[in-house]
Structure formats: C-alpha cells, structure tokens
Amino acid sequence: MRAQALSVGALSAIDFTIEPGCILALSGPSGSGKSRLLRALADLDPHDGSVALGELTQTGVTGHRWRQTVMMVPADSQWWADTVGEHFPAGAPNDLDTLGFGPEVMDWQVSRLSSGEKQRLALLRAVAHQPRALLLDEPTANLDPDTTAIVEAWLTGLARHHRWPVLWVAHDPAQIQRVANAHLRIAGKQLEAVPCS
Ligand SMILES: Nc1ncnc2c1ncn2[C@@H]1O[C@H](COP(=O)(O)OP(=O)(O)OP(=O)(O)O)[C@@H](O)[C@H]1O
C-alpha cells in the first residue's frame, strides 16, 4: 500500500509504503492526527494526495469498494443491528475460538458486549469480509495483557499469511517492537522513521 503526497489536517505531504505482509506501526501524541490519517487512507475524510493498493487506486473505485478492500477498524467500532451475527457475512466466521468466543456469540445482543468483546469482534468482522489491507486504530486498547498477546499473534500471523499490508496505530513501544516491521512517528506535520530493533 502506497501513500503519496498525502495531506490531511495538520499532516502535510506524507509519503510511505507498506509492503505486502508487513506491519507499519504509527505512533504520535494524542491529537497529532493518527486517526485522521487512517480515515484519509480509508477515504472517509477529505484529503489531498494519492493512496494505492497495488494496481487499485483510491480514486479509481467507489468509496464502498475501497473500504471493503482497505478495511479500517476504528478504535470505537460501529454496530448498527441488534445482534452480533447480523454484522457478519453468512456462516460462522473463522477464528472465533482463537479470540475467546464460542459460536453462540453470533446470537448475542450487541448491547451486552463489553468494550474488549466489541474490540475483538470488530477485528473478527473486518477479517471475515476478506480485505486485502488493514488499518487498525489501537486494536488492543481495551484488552488485558494475555488477550493482547493472543490478538497480536493472530493479527501478525494473518498479515503474513495473506500478505496484507497493515497500518497499526499503537502507543506502547513494547507492542510496536513485538508486532511491527517498521515504525513511523508523527512529528509536527511530518512522519519520522523510528528504527525497529
Ligand atoms: N473532521 C475533523 N475536522 C477537523 N478537525 C478534526 C476532525 N477530526 C479530528 N479533528 C482534529 O484533528 C486532530 C487530530 O485528531 P485525531 O483523532 O486524528 O488524533 P489522534 O492522533 O488519533 O489522537 P488520540 O491518540 O487521542 O486518539 C485533533 O485536534 C482533532 O480534534
């Protein structure tokens, strides 16, 4: 996935590439524009510059098609129907058990979900729609350390297996070391590379 001359909010002339199967961590102070950058990449916020995934360009397809392909999982996931299962494609999704759920979760009311359950189910939902790239906004923010480790292993394995480029917003330097192949930090209007040891 390639962003060229991307400008959104305070960020200006941003360029980066995420190779297939690689995870790029994005960090920066609160309010520095991480979520807005993700929303621009998902074509949800107005922006200048271009974004492409292989031969597919953001301007060459409808917003709906782009977002099915370059799937964003926001920090606060949106749920519009009563039950969990109504948000998933037909059939039981893969990896429910890996993330700690039984098949009955599909019948649960969304209103009963804890914040951590919502976060794990939003990730499962995104993956169930068979994207080709992921934009993750603090995907483990509501999870305990053990569950965080499970989700990290699951996501890094999926990215490698499917060769998805992944942009992963994170605050925790230890998590970035564990999951990321590269790390960019917002510094004013620009992104600066942080070495991954
Ligand atoms: N649609 C919008 N129009 C104008 N300003 C916005 C819009 N959305 C967000 N902002 C502002 O842009 C700045 C960056 O917001 P953003 O949500 O991207 O920050 P962030 O880096 O993700 O922060 P946090 O780590 O606290 O989630 C903030 O000052 C925010 O108030």
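Right above here is the structure, for reference.
This one's a predicted model, so the numbers in the text were calculated from it and none came from an experiment. (Residues numbered from 1 in each chain as written. Predicted model: local features only at pLDDT ≥ 70, side-chain atom pairs only at ≥ 80, totals over all residues. Heavy atoms only, no water.)

Colleague: Just to check I follow, could you spell out the site of the ligand for this structure?
Modeller: The local shell around the ligand consists of Pro29, Ser30, Gly31, Ser32, Gly33, Lys34, Ser35, Arg36 and His171. Ser35 places a polar side-chain atom, nitrogen or oxygen, 2.8 Å from an oxygen atom of the ligand. Looking at the shell around the ligand, its residues break down into one nonpolar, six polar and two charged. (Near = heavy atom within 4 Å. Polar contact = N/O pair within 3.5 Å; in protein donor to acceptor, adjacent residues only side chain to side chain. Nonpolar A, V, L, I, M, F, W, Y, C, P; charged D, E, K, R; others polar.)

Colleague: What is the right way to read the sheet that holds strand S1 (residues 2-8) from this model?
Modeller: In a beta sheet, neighbouring strands pair by backbone hydrogen bonds and run either parallel or antiparallel. Read from one edge to the other, the open sheet built from four strands follows the order S2-S1-S4-S5, with strand pairing classed as antiparallel. Edge positions in the sheet fall to strand S2 (11-17) and strand S5 (56-57), since each has one partner strand and no second. Direction of pairing for strand S4 (residues 48-53) relative to S5: antiparallel, over a ladder of two bridges. Bridged to Ala52 within S5 is Thr57. In the packing of helix H1 (residues 34-41) onto the sheet, contacts are made with S1, S2 and S4, and the angle to S1 comes to roughly 125°. (Pairing = 2+ DSSP bridges. Helix = DSSP H or I, 4+ residues; strand = E, 2+ residues; numbered from the N terminus. Contact = heavy atoms within 4.5 Å. Axes fitted to C-alpha atoms, helices over the stretch in contact; angles between N-to-C directions.)

Colleague: Help me out: how do you make sense of the layout of surface pockets in this one?
Modeller: If a probe as big as a water molecule is rolled over the atoms, it shows which places are left empty. Considered as a void within the structure, the largest pocket measures approximately 580 Å³ in volume. Considering the residues around the largest pocket, the lining is formed by 21 residues, among which Met71, Met72, Pro74, Trp80 and Arg125 are closest to the centre. Looking at the lining of the largest pocket, the elements that each hand over two or more residues are H1, helix H2 (63-69), strand S6 (70-73) and helix H3 (115-128). With four residues, the top contributor of residues to the lining of the largest pocket is S6. Residues that form the lining of the largest pocket fall into these classes: 10 nonpolar, six polar and five charged. Of the pockets and cavities examined, the second largest pocket occupies roughly 230 Å³. For the second largest pocket, the full set of lining residues is Pro93, Asn94, Asp95, Leu124, Val127, Ala128, Gln130, Pro131, Trp154, Leu158, His162 and Trp164. Classifying every residue of the lining of the second largest pocket gives eight nonpolar, three polar and one charged. (1 Å grid on protein atoms, 1.4 Å probe; cavity = no way out; pocket = protein on both sides within 12 Å on 5 of 7 lines; lining within 4 Å. Points joined across faces, edges and corners; volume = space filled by probe spheres on them.)

Colleague: Whenever I open this one, the side chain of Gln58 confuses me. Can you help?
Modeller: Along the chain, the position of Gln58 falls in the loop between S5 and H2. Overall, Gln58 belongs to the buried group, its relative accessible area being 5%. Leaving out residues up to four positions away in the same chain, Gln58 has contacts with Ala40, Leu41, Ala42, Asp43, His47, Val51 and Trp66. (Buried < 20%, exposed > 50% of the residue type's maximum accessible area, 1.4 Å probe, protein only.)

Colleague: Sorry if this is basic, but what is going on with the packing of aromatic side chains here?
Modeller: Enumeration according to the criterion identifies one aromatic pair in this entry. Note on Phe101 and Trp108: the rings are 6.3 Å apart at their centroids and 80° apart in plane angle, and the pair reads as edge-to-face. Phe101 sits in the buried class, given a relative accessible area of 7%. The ring centre of Trp108 lies 3.5 Å from the NZ or CZ of Arg112, which sits over that ring. Across the ring face of Trp79, the terminal group of Arg125 is positioned such that the distance to the ring centre comes to 4.2 Å. (Phe/Tyr/Trp six-rings, centres within 6.5 Å; stacked < 30°, edge-to-face > 60°. Lys NZ or Arg CZ within 6 Å of the ring centre and 35° of its normal.)

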